[in-house]
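# Fold and contact review
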Amino acid sequence: MTADILASRTSGVAAERAGEGRLRVLKPWLLLAPALICLGLFTYWPVVSVLIDSLFARDFGQQTATFVGLGNYGRLFTDAKFAAAAINNLLYAVGTVVPSIVLALAFALLLKQSSAFNRVIRALLFFPTMVPLIAAAALWTFMFLPTLGLIDYYLGRLLPFSINWLGDPDSALWALTLVTVWKNAGYYMLFYLAALQSMPEELTEAAILDGAGPWQRFRYVTLPLLAPTTAFVGVIAFAQAITTVDHVIVMTRGGPNDATTLLLYYIFQTATEVHDPGKAAAATVVTLMVLLTVSTFSIRSVDRRGVYAS
């Protein structure tokens, strides 16, 4: 009888411990469940949905779709407007990423020291970041007005002619590039400021003792240590160059003559104006693959440089 009681108590304790063990295993997943559900519904499912849509073709006004496999991709890569949009986006990315990073690094180096004056200048440089892109585009549209805008007003005193910034295919894309650099350089400056302020002073002091000048210290000490920050900022800047389209809609609507049609605006036009959701989905997949490739390459670059930078 006593043995039975002890056996029942032992089994009960074992069952209780097993239940506690299962609860410990399930508890983290239960706590993460709301976030995982939202991540799946609003991040991963849209990606899967776009992948599925890129394999089907649907005529305007019809509810049923026809499976075409990779046919949408074939039509996409033979579309001259898509090729032009890709070239425009490449030029736009180079014209925004490189100057923004160079200016951000220059601002950070000049404003590295903490002082009341530097804090005011930092705030002024960061202010464009807080301006919504649509508002910034409306402001710069006024500034770009030929003969009436502020830019032409002051350039008119130096040049004998006026430039139609947004109406000329040769200058419209660079006008959008200028707006983007103006808006983003102050934001990227914050990353460089954080990296510079966390940089060990012993390395700079050792370089000074070795007789290194300002340029040599920057070239062989500061710049290599900032390589992970530059790679990170480059990914952010490139992703923004691919995924922003508000200023295109406000300022040029892709014109003149498709000179400012970027990839995202091409996708918007294909889906809403041309009513070709299959090809728009295929263009979206291609754009996502480009972003994923660049991000993966940059992250691996940061990992390789992390040992050297530390």
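Structure first, text after, so check above.
This write-up is about the structure you can find in this document.

Conventions and cut-offs
Residues numbered from 1 in each chain as written. Predicted model: local features only at pLDDT ≥ 70, side-chain atom pairs only at ≥ 80, totals over all residues. Heavy atoms only, no water. Helix = DSSP H or I, 4+ residues; strand = E, 2+ residues; numbered from the N terminus. Buried < 20%, exposed > 50% of the residue type's maximum accessible area, 1.4 Å probe, protein only. Contact = heavy atoms within 4.5 Å. Areas by Shrake-Rupley, 256 points an atom, 1.4 Å probe, with all protein chains shown as cover. Patch = residues over 30% accessible without salt bridge, like charges linked within 9 Å, V, L, I, M, F, W, Y side chains within 5 Å. Salt bridge = Lys/Arg side-chain N within 4 Å of Asp/Glu carboxyl O. Core = buried A, V, L, I, M, F, W, Y, C linked by side-chain atoms within 4.5 Å. Expected span 1.5 Å × (residues − 1). Polar contact = N/O pair within 3.5 Å; in protein donor to acceptor, adjacent residues only side chain to side chain.

## Some points on the overall build of the chain
Helices and strands together make up the secondary structure of the chain, namely 13 helices and two strands. Taking all 310 residues of the chain together, the buried fraction comes to 35%. For the chain, the proportion of contacts with a sequence separation of at least 24, taken over those separated by at least 6, is 68%. Here the chain has roughly 18700 Å² of accessible surface; of this, 70% comes from carbon and sulfur atoms.

## Points about a nonpolar patch on the surface
A surface patch of nonpolar side chains, amounting to about 630 Å² of accessible area, comprises V25, W29, L32, L36, L39 and Y44. Checked against the element boundaries, Y44 lands in helix α1 (residues 2-53).

## Examining unusual backbone geometry
Between G255 and P256 the backbone carries a cis peptide bond, its omega angle lying at -5°. Positionally, P256 belongs in the loop between α11 (246-251) and α12 (263-272). One non-glycine residue, D258, adopts positive backbone phi at about 60°. Of note, D258 is situated in the loop between α11 and α12. Its identity as a non-glycine residue notwithstanding, H275 has a phi of 60°, on the positive side. Considering the arrangement of structural elements, one finds H275 in the loop between α12 and α13 (277-309).

## Focus: the nonpolar core
A general tendency of soluble globular proteins is for nonpolar side chains to be buried together. Within the largest apolar cluster, 43 residues are counted, with the highest numbers of intra-cluster contacts made by W140, F144, Y192, L226 and M251. Top contributing element to this core by residue count: helix α7 (residues 172-197), with ten residues. Here Y192 is in contact with I101, A104, L105, A108, L226, T229, T230 and V233, once residues within four sequence places are set aside. Y73, L76, F82 and A280 belong to the second-largest nonpolar core, a separate cluster that totals twelve residues.

## What about the pattern of salt bridges?
By the definition in use, this model includes five salt bridges. The shortest N-O distance in the salt bridge between D276 and R75 comes to 2.8 Å. With a gap of 201 residues between them, D276 in the loop between α12 and α13 and R75 in helix α2 (residues 71-77) connect regions that are remote in the sequence. D276 sits in the buried class, given a relative accessible area of 12%. A salt bridge links E201 to K112; the shortest N-O distance between them is 4.0 Å. With a gap of 89 residues between them, E201 in helix α8 (residues 201-209) and K112 in the loop between α3 (80-110) and α4 (116-130) connect regions that are remote in the sequence. Taking the relative accessible area as the measure of exposure, E201 reaches 42% and is therefore partly exposed.

## With respect to α3
Owing to its 3.6 residues per turn, the α-helix brings residues three or four apart onto one side. A rise of 1.5 Å per residue sets the reference length of α3, with its 31 residues, at 45 Å; its end C-alpha atoms lie 45 Å apart and thus fit the reference within 8%. At the N-terminal end of α3, a side-chain oxygen is found 3.0 Å from the backbone nitrogen of K81, two or three residues along, and the residue is D79.

In short, shape yes, function no, at least from these values alone.
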